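What follows is each chain in one-letter form.
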Amino acid sequence: MINENYEKVLNTINDVCKKCNRLTDDVSLIAVSKTKPVSALFEAYEAGARDFGENKVQELVDKYDKLPPDIRWHMIGHLQTNKVKYIADKVYMIHSVDSVKLAEEISKQAVKAKRIIPVLIEVNIAGEDSKFGIAKDECIDFIQSVNQLPGIAVKGLMTVPPFVENAEDNRQYFKALKQLSVDIMQKNIDNVCMDFLSMGMSGDYTVAIEEGANIIRVGTSIFGERDYFVKA
Ligand SMILES: *Cc1c(COP(=O)(O)O)cnc(C)c1O
């Protein structure tokens with residue numbers, strides 16, 4: 001089942017890319033495996049998945065130890081400063097940098113782990129009260145206050161747009177994040193590049209790709225619905 005679902009998502013990515021004249025290889029699929037058991041991740045791995053997304057530090061650490069070492073682990077959820085130390089040597093990319101304090105701690109732990117951690121800035125593109133992320137208008141100032149930190153490299157932007165029934169309703173936000181990344185690129189800020197645009201989930205990733213996403217984070221369409229009441 002997971003195998004078929006994964007193939008289906010890859011085919012959909014392929015179709016959308018063709019339709020909007022993009023290269024399929026330019027779009028990376030992250031299999032969002034939060035709450036799912038290790039057996040489910042193995043199934044996705046067998047189907048070819050190598051990028052997995054988790055939103056809890058403990059869960060990422062547990063799964064890291066049980067799965068093959070060639071997996072790239074992406075931290076996509078809100079990250080508490082005091083937990084960065086547990087994932088600094090494990091995580092491939094952190095998508096959810098949303099405060100100077102967090103950026104400073106990632107920097108500190110990356111230096112300790114003798115590596116550079118690629119990070120994305122999470123942007124609250126729709127200005128929702130309930131969402132984490134830097135406000136759109138504060139994004140450039142924010143980046144200019146973290147770009148000199150050692151051990152971290154700002155590589156792009158990430159957003160979680162509103163939950164909507166109709167994916168088209170989020171097109172405006174995907175467009176806005178893309179435009180923001182272009183604006184930032186034009187500022188030519190030291191140590192900052194805008195290589196990655198992490199946007200689009202199960203309900204809206206086709207629209208996100210049309211608007212320039214090159215990392216999509218897909219959970220439900222690969223693994224099925226999540227049951228938050230059963231311990232994974
Ligand atoms: C859970 C989650 C996803 C995946 O959502 P689906 O709708 O299941 O595809 C993507 N991004 C983030 C940040 C998430 O927390």
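To be clear, the structure that these remarks concern was listed above.
Values in this document were obtained by computation on a predicted structure and should not be read as measured data.

### Section: the overall build of the protein
Secondary structure summary: the protein contains nine helices and nine strands in total. Summarising its shape, the C-alpha atoms of the protein cover approximately 45 × 40 × 35 Å along the three principal directions. Sorting the 232 residues of the protein into buried and exposed places 50% on the buried side. Once local pairs closer than 6 in sequence are excluded, the contacts in the protein between residues at least 24 apart make up 59%. A total of about 11600 Å² of accessible surface is found on the protein, and carbon and sulfur atoms cover 48% of it. Of note, the protein has its 29 positive side-chain charges centred 4 Å away from the centre of its 34 negative side-chain charges.

### Structural notes on the nonpolar core
Ranked by size, the top nonpolar core spans 68 residues in total, and within it Phe52, Ile94 and Leu157 carry the most contacts. Considering each element in turn, this core owes the most residues, six residues, to helix α1 (residues 2–19). Those residues within four positions of Leu157 in sequence are excluded, and the remaining contacts are Leu120, Ile121, Val123, Cys139, Leu177, Leu180, Ser181, Ile184, Met194, Phe196, Leu197 and Ser198. Core analysis: the next-biggest nonpolar cluster, separate from the first, contains seven residues, Ile76, Met93, Met158 and Ile215 among them.

### Here we look at the site of the ligand
Contacts to the ligand come from Val32, Lys34, Ile76, Met158, Val160, Met201, Ser202, Arg217, Val218, Gly219, Thr220 and Arg226. Taking Thr220, its side chain carries an N or O atom lying 2.5 Å from an oxygen atom of the ligand. The cavity that encloses the ligand is the largest pocket. Within the shell around the ligand, the residues separate by chemical class into six nonpolar, three polar and three charged.

### Some remarks on the layout of surface pockets
Estimated volume of the largest pocket: approximately 690 Å³. Along the lines of polarity and charge, the residues of the lining of the largest pocket split into eleven nonpolar, ten polar and eight charged.

### Observations regarding unusual backbone geometry
The backbone of Asn21 shows a phi angle near 60 degrees, a positive value even though the residue is not glycine. Residue position: Asn21 is located in the loop between α1 and β1 (28–32). Under the relative-accessibility criterion, Asn21 is labelled exposed at 75%. Although it is not a glycine, Thr35 adopts a positive phi angle of roughly 70 degrees.

### What about the environment of Ile189?
Topologically, Ile189 is positioned in the loop between α7 (171–186) and β8 (192–198). A sequence separation of 90 residues divides Ile189 from Ser99, and the C-alpha atoms of the two residues are 18 Å apart. Sequence-distant contacts of Ile189, defined by excluding residues within four places in its chain, comprise Ile143, Gln144, Asn147 and Ile184.

### So, the pattern of salt bridges
Under the criterion given, the structure shown has twelve salt bridges. A salt bridge links Arg72 to Asp51, with the shortest nitrogen-to-oxygen separation between them at 2.8 Å. Taken as a pair, Arg72 in strand β3 (residues 72–75) and Asp51 in strand β2 (residues 51–54) lie far apart in primary sequence, 21 residues in all.

### A short note on the packing of aromatic side chains
Evaluated as defined, the whole model comprises one aromatic pair. On the basis of an interplanar angle of 35 degrees and a centroid distance of 5.8 Å, the ring pair of Phe52 and Trp73 is categorised as tilted. Highlighted residues: Phe52 in strand β2 and Trp73 in strand β3, separated in sequence by 21 residues. Trp73 shares its class with Phe52; the two are buried.

Conventions we followed
- Residues numbered from 1 in each chain as written.
- Predicted model: local features only at pLDDT ≥ 70, side-chain atom pairs only at ≥ 80, totals over all residues.
- Heavy atoms only, no water.
- Helix = DSSP H or I, 4+ residues; strand = E, 2+ residues; numbered from the N terminus.
- Buried < 20%, exposed > 50% of the residue type's maximum accessible area, 1.4 Å probe, protein only.
- Contact = heavy atoms within 4.5 Å.
- Areas by Shrake-Rupley, 256 points an atom, 1.4 Å probe, with all protein chains shown as cover.
- Lys, Arg positive; Asp, Glu negative; His and termini not counted.
- Charge placed at Lys NZ, Arg CZ, Asp CG, Glu CD.
- Core = buried A, V, L, I, M, F, W, Y, C linked by side-chain atoms within 4.5 Å.
- Near = heavy atom within 4 Å.
- Polar contact = N/O pair within 3.5 Å; in protein donor to acceptor, adjacent residues only side chain to side chain.
- 1 Å grid on protein atoms, 1.4 Å probe; cavity = no way out; pocket = protein on both sides within 12 Å on 5 of 7 lines; lining within 4 Å.
- Sits in = over half its atoms within 2 Å of the grid points.
- Nonpolar A, V, L, I, M, F, W, Y, C, P; charged D, E, K, R; others polar.
- Points joined across faces, edges and corners; volume = space filled by probe spheres on them.
- Salt bridge = Lys/Arg side-chain N within 4 Å of Asp/Glu carboxyl O.
- Phe/Tyr/Trp six-rings, centres within 6.5 Å; stacked < 30°, edge-to-face > 60°.

Interpretation in functional terms is not warranted from these geometric data alone.
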